[in-house]
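Reading the structure
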Amino acid sequence: MSERENLLLNNLKKSIKETVRCSKTNIEPLMVPQDIEKLLLPLDLSKAIDTAAAQKEIKYLQEVVESLLTNDATSKYVTISQQVLLKIFAESSEKFRAKHFRELMKVYFQELLEQSDLERAQLELHIKVLLPLVKLHVLKETSEQDDELVDNILNFFKNPRISQEDIYVTVKNKFGDSDFRLISYELIPLDQRNGHLGDYFQLKVQVERNNEVQLLEMFVKFLNAKIDFFKQLLARGPSKKEEFFYLEYIPKLRELGLNELLSFAPECYFSRVDDVLVLEDMTAKGYIGLTPDCKLDLLTLKLTVSELAKLHASSFIFEQALLKKEKSFYDLYSKYLQEVFFVIDSKESKKAFQRIVKVIVYLCQVFSNISNKEEVAQKAQSLLKQAFALLPKSDEFINVLCHGDVYVANMLFNFNDKQECQDVKLIDFQILRYKPPTHDLLFFLYQNAFKETLDEHMDELLALYYEALKENLGKFHLDISKVYPKENFEGSIRPMRILAVFMSIYYSHLTTIDPKVRERVFHENQMELLRDEFYLINLGLKVEHYRKVMKGLIDSFTELCNSNDIKGTN
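From a predicted model like this one, the values you see are computed outputs, not experimental measurements.

To continue, consider the pattern of salt bridges. Within this structure, the stated rule accounts for 31 salt bridges. Where Glu111 meets Arg21, a salt bridge forms, and the shortest distance between an N and an O atom there is 2.9 Å. Taken together, the residues Glu111 in helix α5 (residues 94–113) and Arg21 in helix α1 (residues 3–22) connect sequence positions 90 residues apart. Judged by its relative accessible area of 10%, Glu111 falls in the buried class. With relative accessibility at 54%, the residue Arg21 sits in the exposed group. We note a salt bridge from Lys358 to Glu533, for which the minimum N-O separation is 3.9 Å.

Set out below in structure tokens:
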């Protein structure tokens, strides 16, 4: 870094700290020209954007800022954010900001968070909505046309969901340095149906590095819950869990030298809580996702069990490193480990969970021809109650950091020419839990395998997992008999099976339906869904695959009842 660059960086850091400490709020909210086309006219670049769409985007941003300014809890800090951004963009070049913008934002966040009760996500929102407004304001006030700033603004209008400053951070994290020149970037919607909690895109970034032009391809997930239940889920903080996992937990594992255990997940290059996640694009390496109704063969089950063993081994090793410093994983990170999915805290959630009781009774009637519905309902209610009691961390069995949501839609698979699975990656770490390893293991098996496969190979798969865990721990000089005794592992299987069966019924009565059929019903047959609460299930029951999966889970439920594992049943 040149002396001049270093001086500017230090001056801006000092100025940011002073701005926060003075807490000046006597500035007007940013106003930008309504006629964006005229603003960009000097470079004749207005044709590069849809002016009407640009005006609509600016109006939306101004409305967001106005709503923040009318909120007593945030208005003061919005104006501070505005001052900080104006100073950075007025005094620095695009090249300087490409290297140092995120560093300056870290200084700002750290300084302000120490003096307020704001959360990091709130400040990130301020910056996101203010950035394009500040850029337009600076462009308007600058006497000489700044070509690079104009290009930056045009890129925003082409890709409004991610800023050029985000792209700089993403590429820097991928390369490990800032020795590149950004040429272009583009967000491309993926053909696959968007998930419950997000919209998926491919990010293509073209850069010049070492005098060569390179095309980088990454996977992007924007959080955007559309259904009330999932909006409530998003509000409970799954995005914070995933950001913790990728940006805090994984780097700490790398510091411990655990790189060879981290192949279970793609790399993460950028994250903003409740907004966006940028990951390694595994599709470029031949990985694909499977639809949620798929069940896995024995080879794929074994490969995934081995990857789960890596995830859990890394947690065991990290915990042992903390214990040497007289710290515990849960005490340090409990705020990221609270339950966010199975939480009865609203009318919608209560209805969803009580519906499972009805589903179990209904399917027992279909497959078992039962006459005593009340008795089955009582048993199903006991299953629900015990499952919820088992959700917190265990006081009886050893806990690790668990994925918490290991079903087929949260995995990527690599197949060879013979359609044999060669490798598996885990994705979507939004439901992290601190639980016995058998929580992940048993839910994964019950959710993603046919019952006949489990009846024949369950003992083999459990033994494979424990042996893989032993091998991974041994590579880092940990004795599994001391860290995770076999009797602790085996003792946790019975209670975690209860939770696994409940979760699998909860998921599978919907996820096992052909996704195209489910999508069509939700879009075209809303009245049928309202008239008949089992309409979708009855559609599924017409298909042999669905009948086989659900009969297997109901049989597993019946076995729990017959073995008296579910309390209050005979």
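Anyway, onward from the coordinates.
Another point: the nonpolar core. By size, the foremost hydrophobic cluster in this structure holds 119 residues, and its most contacted members are Phe245, Phe329, Phe342, Ile360, Phe502 and Phe557. Residues within four places of Phe245 in sequence aside, it is in contact with Ile250, Phe264, Leu311, Leu401, Phe429 and Leu432. Val20, Val65, Val107 and Leu112 belong to the second-largest nonpolar core, a separate cluster that totals 43 residues.

What follows covers the packing of aromatic side chains. One pass over the full model with this rule turns up 43 aromatic pairs. With centroids separated by 4.4 Å and ring planes inclined at 10 degrees, the aromatic side chains of Phe244 and Tyr336 adopt a geometry described as stacked. Of this pair, Phe244 sits in helix α10 (residues 238–255) while Tyr336 sits in the loop between α12 (329–333) and α13 (347–368), and the two are 92 residues apart along the sequence. For the pair shown, Phe244 and Tyr336 are each scored as buried. An aromatic cluster is defined as three or more aromatic residues linked by ring pairs; in this entry it consists of Phe244, Phe245, Tyr246, Tyr249, Phe264, Phe318, Phe329, Tyr330, Tyr333, Tyr336, Phe429 and Tyr434. Seen from the ring of Phe175, Arg209 lies directly overhead, with NZ or CZ sitting 4.1 Å from the centre. Geometry around Phe450 places Lys548 over its ring, the cationic atom sitting 4.1 Å from the centre.

A few words on helix α3 (residues 51–69). With 19 residues, α3 extends 27 Å between its outermost C-alpha atoms, agreeing within 8% with the 27 Å of an ideal straight helix rising 1.5 Å per residue. Within α3, burial applies to Ala54, Ile58, Leu61, Gln62, Val64, Val65 and Leu68. The buried residues of α3 all sit within an arc of 155 degrees when viewed along its axis, so they share a single face. For α3, exposure combined with an orientation more than 90 degrees from the buried face picks out Ala52, Lys56 and Lys59.

One open sheet holds the three strands; their spatial order is β6-β8-β9, and the pairing between them is antiparallel. Edge positions in the sheet fall to β6 (287–288) and β9 (421–426), since each has one partner strand and no second. In this structure, β6 lies alongside strand β8 (residues 411–415), joined through two bridges in antiparallel fashion. Bridge assignment links Ile288 to a residue of β8, and that residue is Phe413. The strands touched by helix α11 (residues 298–324) are β8 and β9; relative to β9, the strand with the most contacts, the crossing angle is about 40 degrees.

Cut-offs used in this document
Residues numbered from 1 in each chain as written. Predicted model: local features only at pLDDT ≥ 70, side-chain atom pairs only at ≥ 80, totals over all residues. Heavy atoms only, no water. Salt bridge = Lys/Arg side-chain N within 4 Å of Asp/Glu carboxyl O. Helix = DSSP H or I, 4+ residues; strand = E, 2+ residues; numbered from the N terminus. Buried < 20%, exposed > 50% of the residue type's maximum accessible area, 1.4 Å probe, protein only. Core = buried A, V, L, I, M, F, W, Y, C linked by side-chain atoms within 4.5 Å. Contact = heavy atoms within 4.5 Å. Phe/Tyr/Trp six-rings, centres within 6.5 Å; stacked < 30°, edge-to-face > 60°. Lys NZ or Arg CZ within 6 Å of the ring centre and 35° of its normal. Expected span 1.5 Å × (residues − 1). Arc of directions from axis to C-beta. Pairing = 2+ DSSP bridges. Axes fitted to C-alpha atoms, helices over the stretch in contact; angles between N-to-C directions.

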